[in-house]
Amino acid sequence: MCGIHDLTEKDLQPLTYTPAYLNKIKGMRFFDPHVHMTARTTDDYQAMADAGVVAIIEPAFWLGQPRTGVDTFRDYFSSLLGWERFRASQFGIKHYCTIGLNSKEANNEKLAEAVMEILPQFIYKEGVVGVGEIGFDDQTPLEEKYYRAQLELAKEAGLPVQIHTPHRDKKKGTQRSMDIALEHGLEPHMIIVDHNNEETVKEVLDRGFWAAFTIYPFTKMGNERMVAVVKQYGSERIMVNSAADWGISDPLAVPKTAALMHESGIDMNDIHLVTYTNAVKAFAQSGQINEADFDNAKNVDQSEKFNGSSVLRGGQQPRIDKNTTIIR
């Protein structure tokens, strides 16, 4: 029986394993325009960087438990602009966000009114590339009230809008979301309609909006279905995202979908459009996105600190090999 003291130096070398899909996308760059990294780990950031993700957008969203006061929103919005942007930078990823009152919590009218008062303090900040994610959940009158109010904020600020389409009665909710945006005088090219599926995509595209697709395990859109959508509708105004959060989700959904598209014979230019270029173009309308910043973000110094905090722990060296079974 072998003990730890019987292991040789060769035995202690890192075990190397490269997922097969990475070979299909080697050298490609990806932009994930909807991922909730506040709910993810540093390992996720490292894996995303290794897979070619150079920039992300983190929309403000529902945290899984109702917030009870406006200050919890204030702190959350501040974290998206501060700590989380710093954390992404420590792995060479450029972090942007969209700021808004999510549809689920719009149903608490007293709290929603207080959040609406503070939103203008955040939507004009550096790195905020849109108002979102906003829209409908249960399609209630209060959800509509605050959706409309935030559309007006976006119009005044000249920012794109990131729409959350409902999980239930999705087609009706998607149509209603677009109708209301047009009522408020927003141009379709300033609206990213998210969480599309085969039932909604044609109308979204026909009406001139951006169509975003969330690639989720076991629900919403799997990447095999996404391949079929791109084959049918092409790549114009279509983008994919992971929307990875605190639930069962995959922060590598964008590069994995690109690999499957490549394997399925989709043209590399089309893959680049739906996994990078379209998202950049849509959200660059905010005036906040410069692709040169993606390259600058690669200059990583993990010894840096944010308000005295580092992603490293005492004595750690940066960029530890996550493939090894030995934790030194």
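Every chain is numbered independently, its residues counted from 1 as its sequence is written. Reporting of local features is limited, given that this is a predicted model, to residues whose pLDDT is at least 70; pairs of side-chain atoms are given and counted only at 80 or more, and all residues count toward the totals for whole chains, interfaces and linings. Heavy atoms from the whole structure form the basis of all side-chain values; hydrogens and water molecules are not counted.

- As recorded in an unreviewed UniProt entry, the protein goes by the name TatD DNase family protein, listed as coming from Chitinophaga polysaccharea.

## Looking at the packing of helix 10 (residues 253-263) against helix 11 (residues 268-283)
Turning to step 1, where the next piece is worked out: Helix axes use the C-alpha atoms of the stretch in contact, all axes being lines fitted to C-alpha atoms, and the angles between their N-to-C directions lie in the range 0 to 180 degrees. Starting at the N terminus, helices and strands are each numbered in turn, a helix being any DSSP run of H or I of at least four residues and a strand any DSSP run of E of at least two. Interaxial distance between helix 10 and helix 11 falls to 10 Å at its minimum, and their mutual angle equals 160°. When the interaxial angle is binned, helix 10 and helix 11 end up roughly antiparallel. Considering only the axes of helix 10 and helix 11, their crossing is right-handed. For the pair formed by helix 10 and helix 11, the contact residues are Val-254, Ala-258, Met-261 and His-262 on the first element and Met-268, Ile-271, Val-274 and Thr-275 on the second.
Turning to step 2, where the next piece is worked out: Charged residues are taken to be Asp, Glu, Lys and Arg, nonpolar residues to be Ala, Val, Leu, Ile, Met, Phe, Trp, Tyr, Cys and Pro, and polar residues to be all remaining types, Gly included. For the contact of helix 10 with helix 11, a count of residues per class yields six nonpolar, two polar and no charged. For classification purposes, an angle smaller than 35 degrees is called roughly parallel, one larger than 145 roughly antiparallel, one from 65 to 115 roughly perpendicular, and anything else oblique. By definition, turning the near helix anticlockwise from the far helix through less than a right angle yields a left-handed crossing, and turning it clockwise yields a right-handed one. Contacts are assigned to residue pairs that have any heavy atoms within 4.5 Å of one another.

## So, unusual backbone geometry
Turning to step 1, where the next piece is worked out: Omega for the bond connecting Gly-132 with Glu-133 falls within 30 degrees of zero, at -10°, which places this linkage in the cis form.
Turning to step 2, where the next piece is worked out: Along the chain, Glu-133 turns up in strand 4 (residues 128-135).
Turning to step 3, where the next piece is worked out: In this structure, His-195 is a non-glycine residue whose phi angle is positive, near 60°.
Turning to step 4, where the next piece is worked out: With respect to the helices and strands, His-195 occurs in the loop between strand 6 (191-194) and helix 8 (201-206).
Turning to step 5, where the next piece is worked out: The phi dihedral of Arg-237 falls on the positive side, at around 60°, and the residue is not glycine.
Turning to step 6, where the next piece is worked out: Within the element layout of this structure, Arg-237 appears in the loop between helix 9 (223-233) and strand 8 (238-241).

## Observations regarding the pairing of strand 7 (residues 210-214)
Turning to step 1, where the next piece is worked out: Buried means the residue's accessible area, taken with a 1.4 Å probe over protein chains only, is under 20% of the maximum for its type, while exposed means over 50%, and partly exposed covers the values in between. Among the five residues of strand 7, five are classified as buried, and the element is accordingly described as predominantly covered.
Turning to step 2, where the next piece is worked out: Of the two faces of strand 7, the one carrying Trp-210, Ala-212 and Thr-214 and the one carrying Ala-211 and Phe-213 are both buried.
Turning to step 3, where the next piece is worked out: Taken together, the two bridges between strand 6 and strand 7 define a ladder with parallel strand orientation. Counted as the bridge partner of Val-193 is Ala-211 from strand 7.
Turning to step 4, where the next piece is worked out: With strands facing away from the observer, any crossover in which the path from the first strand over the helix to the second runs clockwise is taken as right-handed. Chirality of the crossover, the property in question, places the unit of strand 6, helix 8 and strand 7 among those that are right-handed. By this definition, two strands are paired if DSSP reports at least two bridges between them.

## As for the sheet that holds strand 8
Turning to step 1, where the next piece is worked out: Strand order in the open sheet made by the eight strands is 1-2-3-4-5-6-7-8, with parallel pairing throughout. With one partner strand each, in any of the chains shown, strand 1 (30-32) and strand 8 form the two edges of the open sheet. Within this sheet the neighbouring strands show an average axis-to-axis angle of 25°, counted without direction.
Turning to step 2, where the next piece is worked out: Across five bridges, the pairing between strand 2 (residues 53-59) and strand 3 (residues 94-99) is parallel. Directly across from Ile-57, in strand 3, lies its bridge partner Tyr-96.
Turning to step 3, where the next piece is worked out: On top of the sheet, helix 10 reaches strand 1, strand 2 and strand 8; it is set at about 130° to strand 1, its chief contact.

## Focus on the environment of Gly-135
Turning to step 1, where the next piece is worked out: Its place among the elements puts Gly-135 in strand 4.
Turning to step 2, where the next piece is worked out: Look at Gly-135 and you get buried, because its relative accessible area is 3%.
Turning to step 3, where the next piece is worked out: Beyond its immediate sequence surroundings of up to four residues, Gly-135 is in contact with Ser-103, Glu-143, Tyr-147 and His-164.

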